[in-house]
There are 2 protein chains.
Amino acid sequence: MTALENNSPYIAQPKILVATDCIVFGFDEGILKLLVFRRRIDPLKGEWSLIGSFVNEEESVPDAARRVLLQFTGLENIFLEELRVYSDVERDSGARCISIAQYALIRINDYDREQVELHGAKWFALEDIPQLVLDHNVMIADALDRLRQKTTHKPIGFELLPEKFTIPQLQSLYEAIHQTKLDDRNFRKKLLSFDLLIKLDEKDKSTSKKGAFLYRFDYGKYKKLEESGINFVL
Amino acid sequence: MTALENNSPYIAQPKILVATDCIVFGFDEGILKLLVFRRRIDPLKGEWSLIGSFVNEEESVPDAARRVLLQFTGLENIFLEELRVYSDVERDSGARCISIAQYALIRINDYDREQVELHGAKWFALEDIPQLVLDHNVMIADALDRLRQKTTHKPIGFELLPEKFTIPQLQSLYEAIHQTKLDDRNFRKKLLSFDLLIKLDEKDKSTSKKGAFLYRFDYGKYKKLEESGINFVL
DNA sequence: ACAAAAGTGTTCTATGTACACCCATGG
DNA sequence: CCATGGGTGTACATAGAACACTTTTGT
């Protein structure tokens, strides 16, 4: 995209710094985690911060976020959704800057450990999140609310698990997100009633001697159901 | 807020035009309406458009929206919530410009008719919305989805009605929003079960000889219930 | 043989849904 | 006195919640 032409009718309008900050969720060994890093610019250089970037002239906001996520994790095609805009005039002591927060769900085993370390990033369990710069802790709280809201109405939890997962794994994810203990029988019954999971022949024996069957989420089937107005509630 | 200082670490960063567009809902005589106006700047001057403005350096995004709403309707303290960011690089042919869309719910009898006319604004029934500039028709579709979603989970419908309203009025609002016919008995039963409406001694006789009792929404009670985690579903 | 997690069914309760009649009043 | 919209109650169906035992297998 070009800069403003001299004859643009918008020429007199105030331009503003626009950033995007990513709340990156991961799920590891029953614990919900977030990716944060040491900020590399002043002010507040060296403090913990969400990963983010300024939005460039020639990219959309989601594109900017995807660029950041690729840089920090080496991952593409990950679940990403807008959270909300943070635009208080005083929110950033460096300059007037609007941030569009977005949350991402990643399969925590897939990320590129080198990339993460290279950028000074680190995974924290939800309860161990340190004090972050600016309004980033608020963003996290808001993202968590949204994640809780969203996972009960849309089947996005799968984005945090490997492609092949077991039902107890999925349950433990929901328990971690919602900080509750769920009834195994009811959880399984409800979940399978949607008929959106494909049972595989393999078992995961890493957590028990008996082993738990692995499943895959049927994205194709879900897409169709969604179009015809499914009401998924967990 | 000051402009960037020369020594600001952000000085080299790209600044962008940021606008906000408001999807303004009103409810009149059983019909859901939207406020649009004739755009007054090139390009596309004279075309129908959502009301909106560029965001200034010294105001937050909601502040900008409130400024616009006050200008166009003479109203303050109206329900306003962020919809989402529209940031496609090519979305505005005038210049690269990000828009943060917000939807507002107004009591349609309260607005200042002079202000509205003065600004070339006009109410359209939902089904009569003309072609609007840029991506504004998409914004409306998204806002409508959100309104449908939101009204089933939060008691915000009241924002579209006078402070004193009847239950049949409220029902007709829900029917207009969701484009369905609801059962009167079940609607009333469910609604009153929340115990959030205060029945007044007055009746509204404008729509029937018998007259329907007027109610007020108990905002105070709702606030308390919300904090303790109510689940309002209509 | 036993510990440890996976897997399975039934009963009870609550909530939603369908449905039809009387009420009050102004004209 | 009647037409019009306001207001009420009950029976049925469906979905959610509570709850305990058997299965598998590695050690």
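Predicted model, so just to flag it, every value in this text is computed and none were measured.

Draft legend 1. Looking closely at the packing of helix 4 (residues 167-178) of chain B against helix 5 (residues 184-193) of chain B. All names here are of chain B. For the pair helix 4 and helix 5, interaxial distance at closest approach is 11 Å and the crossing angle is 105°. Between helix 4 and helix 5, the angle falls in the class roughly perpendicular. Contacts from Ile167, Pro168, Leu170, Gln171 and Tyr174 of helix 4 reach helix 5 at Asp184, Phe187, Arg188, Leu191 and Leu192. Tallied by class, the residues present in the contact of helix 4 with helix 5 amount to 7 nonpolar, 1 polar and 2 charged.

Draft legend 2. Quick look at the layout of surface pockets. Residues and elements named next belong to chain B. Empty space within the second largest pocket amounts to approximately 600 Å³. As for the second largest pocket, its lining consists of 25 residues, of which Thr166, Pro168, Gln169, Asp204 and Thr207 are closest to the centre. When residues of the lining of the second largest pocket are traced back to their parent elements, those giving at least two are strand 1 (15-28), helix 4 and strand 9 (212-217). Considering every element that reaches the lining of the second largest pocket, the biggest residue donor is helix 4, with 4 residues.

Draft legend 3. Region of interest: the protein's contact with DNA strand D. Looking at DNA strand D, there are 18 residues lining it, with Arg185 and Asn186 of chain A together with Arg185, Arg188 and Lys210 of chain B nearest. The protein-proximal atoms of DNA strand D, defined as those within 4 Å of the protein, are 44% sugar or phosphate. Contacts to DNA strand D include Lys189 of chain B, whose side-chain N or O atom sits 3.0 Å from a base oxygen. Breaking the surface near DNA strand D down by element, the ones donating at least two residues are helix 5 (184-193) of chain A together with helix 5 and strand 9 of chain B. For the surface near DNA strand D, the leading source of residues is helix 5 of chain A, giving 4 residues. Residue composition of the surface near DNA strand D, by class: 3 nonpolar, 4 polar and 11 charged.

Draft legend 4. Layout of the UniProt feature "domain: Nudix hydrolase" (unreviewed entry) in chain A. Under the UniProt annotation, "domain: Nudix hydrolase" (unreviewed entry) lies at residues 14-148 of chain A. As annotated, residues 14-148 of chain A comprises 24% helix and 38% strand, and the C-alpha atoms at either end are separated by 37 Å.

Draft legend 5. A look at the environment of Gly229 of chain A. Looking at the secondary structure, you find Gly229 of chain A in the segment after helix 6 (219-227). Along the sequence, Gly229 of chain A and Thr207 of chain A sit 22 residues apart, while their C-alpha atoms lie 37 Å from each other.

Draft legend 6. Fine view of the relation of the copies chain A and chain B. Once chain A has been moved 0.0 Å along the axis and rotated by 180°, it coincides with chain B to within an RMSD of 0.0 Å. The operation mapping one copy onto its partner corresponds to a two-fold rotation axis. In this assembly, 100% of the residues forming the interface of chain A have copies in chain B that are likewise at the interface, indicating an isologous arrangement.

Draft legend 7. Representation of the protein's contact with DNA strand C within the structure. Within the structure, DNA strand C sits among 18 residues, and Arg185 and Arg188 of chain A together with Arg185, Asn186 and Lys190 of chain B are positioned closest to it. For DNA strand C, the fraction of protein-proximal atoms (within 4 Å) that sit in sugar or phosphate groups is 45%. Within the contact set of DNA strand C, a phosphate oxygen lies 3.3 Å away from a side-chain nitrogen or oxygen of Lys205 of chain B. Taken together, the elements giving at least two residues each to the surface near DNA strand C come down to helix 5 and strand 9 (212-217) of chain A together with helix 5 of chain B. Sorting elements by how many residues they give to the surface near DNA strand C places helix 5 of chain B first, with 4 residues.

Draft legend 8. Looking closely at helix 3 (residues 136-153) of chain A. All names here are of chain A. In a regular helix each residue adds 1.5 Å, so 18 residues correspond to 26 Å; helix 3 covers 26 Å between its end C-alpha atoms and thus fits that length. If you check which residues of helix 3 are buried, you get His136, Met139, Ile140, Ala143, Leu144, Leu147, Thr151 and Thr152. On its buried face, helix 3 is in contact with strand 1 (15-28), strand 2 (31-38), strand 3 (48-54), strand 4 (79-86), strand 5 (97-105) and helix 4 (167-178).

Criteria and cut-off values
Residues numbered from 1 in each chain as written. Chains lettered and ligands numbered in written order. Predicted model: local features only at pLDDT ≥ 70, side-chain atom pairs only at ≥ 80, totals over all residues. Heavy atoms only, no water. Axes fitted to C-alpha atoms, helices over the stretch in contact; angles between N-to-C directions. Helix = DSSP H or I, 4+ residues; strand = E, 2+ residues; numbered from the N terminus. Parallel < 35°, antiparallel > 145°, perpendicular 65-115°, else oblique. Contact = heavy atoms within 4.5 Å. Nonpolar A, V, L, I, M, F, W, Y, C, P; charged D, E, K, R; others polar. 1 Å grid on protein atoms, 1.4 Å probe; cavity = no way out; pocket = protein on both sides within 12 Å on 5 of 7 lines; lining within 4 Å. Points joined across faces, edges and corners; volume = space filled by probe spheres on them. Near = heavy atom within 4 Å. Polar contact = N/O pair within 3.5 Å; in protein donor to acceptor, adjacent residues only side chain to side chain. UniProt positions renumbered as here; feature names shortened; annotations may be inferred. Least-squares fit on C-alpha atoms with pLDDT ≥ 70 in both. Expected span 1.5 Å × (residues − 1). Buried < 20%, exposed > 50% of the residue type's maximum accessible area, 1.4 Å probe, protein only.

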